[in-house]
Amino acid sequence: MMSVPTETQQNHEFIETNDECKKKKEGGGEDTMGGVGGSSSSIHRSASRPQLDLSGAAIHGNFEEKDPVILLPNQSDDISHLALDIGGSLIKLVYFSRHEDRLVNNRRKQTVKDRLGVTNGGMRSYPILGGRLHFVKFETRKMNECLDFIHSKQLHCGGMDSRHWRSKIPNNENAVIKATGGGAYKFSDLFKERLGVSIEKEDEMDCLVAGANFLLKAIRHEAFTHMEGQKEFVRIDHNDLFPYLLVNIGSGVSMIKVDGDGQFERVSGTNVGGGTYWGLGRLLTKCKSFDELLELSQRGDNRTIDMLVGDIYGGMDYSKIGLSASTIASSFGKTISENKELEDYSPEDISLSLLRMISYNIGQIAYLNALRFGLKRIFFGGFFIRGHAYTMDTISFAVHFWSKGNAQAMFLRHEGFLGALGAFMSYEKHGLDDLKVHHLVERFPMGAPYVGGNIHGPPLGDLNEKISWMEKFILKGTEITAPVPMDSPGTTGLGGFEVPSSKGDSLRSDASNLNVGVLHLEPTLEVFPLLRDPKTYEPNTIDLSDPGELEYWVKVLSDTLPDLVDKAVASEGATDDAKRRGDAFARALSAHLARLIEEPAAYGKFGLANLLELREDCLREFHFSDAYRSIKQRENEASLAVLPDLLLELDSMPEERRLLTLIEGVLAANIFDWGSRACVDLYNKGTIIEIYRMSRNKMQRPWGVDDFDALNARMLGSGTSTSPPYKRALLFVDNSGADVILGMLPLARELLRCGTEVVLVANSLPALNDVTAMELPDIVAGAAKHCDILRGAAEAGGLLVDAMSSIDDRCNKSSSWVPLMVVENGCGGPCIDLRQVSSELAAAAKDADLVVLEGMGRSLHTNFNGRFRCDALKLAMVKNQRLAEKLIQGNIYDCVCRFEPAS
Ligand SMILES: CC(C)(COP(=O)(O)O)[C@@H](O)C(=O)NCCC(=O)O
Ligand SMILES: [Mn+2]
């Protein structure tokens, strides 16, 4: 917001509610919009806001389910979970939707809770519910569309899921929506009239700061630098975040020194901001929209308009004071000495010249203020930036230039939503301010027609509408992913304050992007306690910011897409509906892949794990809950049939030979991977058993990575030294069928035989042919029929259904068996990010002294470089030639047995 009042701002300044007047007097604060001078303020928590009444709160229905619905019988008011920032040109919405309820009566979970003492994800004292935070924007001039959107989604009636929070359709009479920005005043009556809700105004500065603090603390890849076309995400140390300078570039510009939560001072501002660019640009170029003006700038050459140092010094540098000939001496200065009219200048050149003038000016003032207060970090936000590479480069260049490289500009991915988020945060007691990074998972914006904050068409009611939209998406998608025209480097302003050499291909307007994901709130997720250094832990081994890697892996996914669609459609009975959904899924995934190729950092820092998860998310979005269901069943049955023979063979071996055979067995059985193109080709040529035998016969040591001797020494001792058996081992299992039944279960059995408690860690949701935690108890029960050790341990671990009749009895009963348990990992993809695991896995990890990660996804694509506080064993077959070469300088089907003692 600018320092010189606009019409909207005047509204903001002069129309005050009694509440606000009171707040100012009590808080001793002044109008934070007033001029350049500063005033301190702290975020205010509105007392008029309906609070959650938690008295009598009880879990509704089955208390064993995950994220159970909580009934608040005494809650009478509506709980609004929509907040708005209504600016001069854009309306930004942040709204919350609950996760769909997963009503599974899962006894395993209850047993695990009893055994491991699982807490509900930390120390939260009131019920934050799992759900999603959505970010959406409309043009302010399309207010009616925005109101329709809110109405059709019933966001004004308490978004948390009216089915469970209230029994009757809400009466909106007392409902309030938090809003900030000038429009909160201007459109208050309209909201009352159209939606029957009152707007409760929140102070804009309070909101900006609250929003920025939340993002910087809770979102992992929120802040990034942008220099010469290169985007680099910045790791923010939460304990060293304050103080910083927040520069919000809206119509005008506010510069706020932020010292902590609710502690800030607006130290400066400038009236030359986004409104100036748009206003002057519109007058000078006749452009119809901000984005059009921005697009024009990409084809402009500011040297025709700006007076450069070289123009004054006959093409020479003014090197004595460090100015090169290409430095802009005077923006628009050239026009005074030429006998030309406005029509003689190209709109493209005018737009670029204006953009550079304003961006440099903001960058310079921002730096001077950072200097004034000794601030190291400057974060730029506001919708002026729009992820526009050239704008960011120009601002970065100015900060770099004036600070002589001592300061760096940083940008925020949710740049335009700071105010709306802050308004959202000001609702009391939804628990958001308690959230930590690991509680938030950024997902890809799938919810057509909402795409990256832009709405295309009316909101969608159901899956059918989503598919119809997707069918048309190919058009929209082409528009979305169409490459922005590239400029040859010379045309983007060789004049300059030196030249921010933003690359041609990154000079794109963000107007139609998919940049901002949906934030999933998963309050039960925790950091895996056995990570040696969670701060430096990076799950992904392959960083897709390397263009070659991205291209390769995107191609892998594209190539295997038709086959996956066939499987997914077949898994749903190959009905017409399934075919339509399959088609829509393929379009959605392809659009995302195309988007990533165009803008690799579109979804934040992106690794291979994220890419593979994107595919699974996309399948779920179109209601393909388990595409490999029948394949998994078939392989489980075939493997259980040969298990007794394998166990007999193993039991006849001496200890040392047995351990080697077991590890070989795990590696060999990892070949059953429906995510690997090479393996799928193999399955078309042989039966499960044939492939398994072939794979085992090929297990020649030394493997690609071969730490078997060290593992053997730890397990069985070497020479005179022996170590006690492990106390508890966490076995991160991978695929269904032979992989888990003929590979990991026999290894688990060996550990149990040694007296080690075993926890099988499996996916929470299906992904490819990976086994899930829900499926494992049945598989273990099947295996236990042939083996006393497995039966005793599974009973002791509460895994066998017939042993489930009395949980209390079971827990109290002393058993001679060490337990075999199953926990879910919190994931729905083939890889695992150990910064965000289920609370039951975190609980199981507390007493564990061995971690076994199995499979390519969990031990190679992710965690290959991860280090643990306890011993770790990583076992996988490398089923991709490129990965084998890159990671172990080997070949496809080579194996990895990496043993890393705790250090
Ligand atoms: C998806 C996978 C990680 C699954 O491997 P797993 O974890 O089951 O061993 C792997 O199959 C993979 O990386 N596939 C893509 C590469 C390819 O098809 O060659
Ligand atoms: Mn797998």
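Structure shown above.
Scoring rules and cut-offs
Residues numbered from 1 in each chain as written. Chains lettered and ligands numbered in written order. Predicted model: local features only at pLDDT ≥ 70, side-chain atom pairs only at ≥ 80, totals over all residues. Heavy atoms only, no water. Salt bridge = Lys/Arg side-chain N within 4 Å of Asp/Glu carboxyl O. Helix = DSSP H or I, 4+ residues; strand = E, 2+ residues; numbered from the N terminus. Buried < 20%, exposed > 50% of the residue type's maximum accessible area, 1.4 Å probe, protein only. Contact = heavy atoms within 4.5 Å. Near = heavy atom within 4 Å. Polar contact = N/O pair within 3.5 Å; in protein donor to acceptor, adjacent residues only side chain to side chain. Pairing = 2+ DSSP bridges. Core = buried A, V, L, I, M, F, W, Y, C linked by side-chain atoms within 4.5 Å. Expected span 1.5 Å × (residues − 1).

A. Spotlight on the pattern of salt bridges. What the rule picks out here adds up to 41 salt bridges. Across the pair aspartate 148 and arginine 194 runs a salt bridge whose closest N-O atoms are separated by 2.9 Å. With aspartate 148 in helix H4 (residues 143-152) and arginine 194 in helix H7 (residues 188-195), the pair connects residues that are 46 residues apart, well separated along the chain. Given a relative accessible area of 36%, arginine 194 falls into the partly exposed group. When the shortest N-O distance is used, the salt bridge between aspartate 788 and arginine 791 registers 2.6 Å.

B. Looking closely at the environment of isoleucine 385. Here isoleucine 385 shows up in the loop between strand S16 (377-381) and helix H13 (389-402). Looking at isoleucine 385, the relative accessible area reads 0%, which means it is buried. Through-space distance from the C-alpha of isoleucine 385 to that of serine 359 is 9.3 Å; in sequence the pair is 26 residues apart. Leaving out residues up to four positions away in the same chain, isoleucine 385 has contacts with Ile249, Phe380, Thr391, Met392, Phe411 and Glu415.

C. Just the site of ligand 1, in detail. The environment of ligand 1 is made up of 16 residues, and the closest members are Asp673, Gly857, His861, Lys879 and Asn880. Contact between ligand 1 and methionine 856: an oxygen atom at 2.8 Å from a main-chain N or O atom of the residue. Here glycine 857 contributes a backbone N or O atom positioned 2.7 Å from an oxygen atom of ligand 1. Secondary-structure elements contributing two or more residues to the shell around ligand 1 are helix H16 (547-571) and helix H29 (856-861).

D. Spotlight on the sheet that holds strand S23 (residues 728-732). Strand order in the open sheet formed by 7 strands is S22-S28-S27-S26-S23-S24-S25, and the pairing between neighbours is mixed. Each having just a single partner strand, strand S22 (705-706) and strand S25 (820-824) make up the two edges of the open sheet. The sheet contact formed by strand S27 (residues 871-877) and strand S28 (residues 895-900) spans 6 bridges and is antiparallel. Along S28, the bridge assignment pairs leucine 873 with phenylalanine 899.

E. Spatial organisation of the nonpolar core. Core analysis: the biggest nonpolar cluster contains 118 residues, and Phe585, Leu611, Ile663, Leu760 and Leu820 have the highest contact counts within it. Other than its neighbours up to four places away in sequence, isoleucine 663 contacts Trp703, Phe708, Leu711, Leu747, Leu873, Leu875 and Cys897. Among the nonpolar cores identified, the runner-up in size contains 60 residues, and Ala184, Phe187, Val209 and Phe214 belong to it.

F. A look at unusual backbone geometry. Geometrically, the link from phenylalanine 242 to proline 243 is a cis peptide bond, its omega value of -5° lying close to zero. Looking at the element boundaries, proline 243 is found in the loop between strand S10 (230-233) and strand S11 (244-249). Residue arginine 701 is joined to proline 702 through a cis peptide bond whose omega torsion reads -5°. By secondary structure assignment, the location of proline 702 is in the loop between helix H22 (688-697) and S22. At alanine 574, a position not held by glycine, the phi torsion is positive, near 50°. Topologically, alanine 574 is positioned in the loop between H16 and helix H17 (576-598). The partly exposed category is assigned to alanine 574, whose relative accessible area is 38%. Positive phi outside glycine occurs at tyrosine 893, with the angle close to 75°. Checked against the element boundaries, tyrosine 893 lands in the loop between helix H30 (881-888) and S28. Residue classification places tyrosine 893 among the partly exposed residues on the basis of a relative accessible area of 30%.

G. Representation of helix H9 (residues 274-285) in the model. Between its first and last C-alpha, H9 extends 16 Å over 12 residues, near the 16 Å set by a 1.5 Å rise per residue. Looking at the buried side of H9, the elements it contacts are S11, helix H10 (290-297) and helix H12 (347-372). Of the residues flanking the end of H9, it is lysine 286, one or two places downstream, whose phi is positive at about 65°.

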